[in-house]
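A closer look at the structure
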Amino acid sequence: QVQVVESGGGLVQAGGSLRLSCVASGTIGRIYGMSWYRQAPGKQRELIAGLRSGGTPNYADSVKGRFTISRDNARDTVYLQMNSLKPEDTAVYSCLVDVQTVLGGRSWYWGQGTQVTVSL
């Protein structure tokens, strides 16, 4: 079994910064990729940043230049550094991890999400 847990959300004023963390644990054999999604009230969930193993980061246009995704492979952790936050960044941020377990099966695992609220 694989567990994914996000943390670091909270309330911040516009222009401020937050750093989200996502830790994967359990029967992990290999992580192929880790990504961040967000879903604002009344909107569809959107991919905002992704990082495949050995690859370069990719970002949604709405966050380019403001958000940075990074990984700590030794800790099976991915981070999302969010700078110059805007009220429209308010959403539940969730982590999606592409994992091959020690038993050989491969699947995607979601975390429970962490709320980010940006006030004026």
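You'll find the structure just up there.
A few words on the overall build of the chain. What the chain contains, in helices and strands, is zero helices and eleven strands. Put simply, the chain runs from its N terminus to its C terminus through helices and strands in the order β-β-β-β-β-β-β-β-β-β-β. For a compact globule of 120 residues, the expected C-alpha radius of gyration is about 14 Å, and the chain comes in at 14 Å, within 12% of that figure. Projected onto the principal axes, the alpha-carbon positions of the chain cover approximately 50 × 25 × 25 Å.

Turning our eyes to something else, we now look at the environment of Y32. Tracing the backbone shows Y32 in strand β4 (residues 28–39). Note on Y32: relative accessible area 17%, which makes it buried. Expressed as a C-alpha distance, the spacing of Y32 and S7, which sit 25 residues apart in the sequence, is 21 Å. Dropping the residues within four chain positions of it, Y32 is found in contact with R52, S53, R71, D98, Q100 and R106. A distance of 3.0 Å separates the side chain of Y32 from the side chain of Q100, its partner in a polar contact.

What counts as what
- Residues numbered from 1 in each chain as written.
- Predicted model: local features only at pLDDT ≥ 70, side-chain atom pairs only at ≥ 80, totals over all residues.
- Heavy atoms only, no water.
- Helix = DSSP H or I, 4+ residues; strand = E, 2+ residues; numbered from the N terminus.
- Rg over C-alpha atoms; globule rule 2.2 N^0.38 Å.
- Buried < 20%, exposed > 50% of the residue type's maximum accessible area, 1.4 Å probe, protein only.
- Contact = heavy atoms within 4.5 Å.
- Polar contact = N/O pair within 3.5 Å; in protein donor to acceptor, adjacent residues only side chain to side chain.

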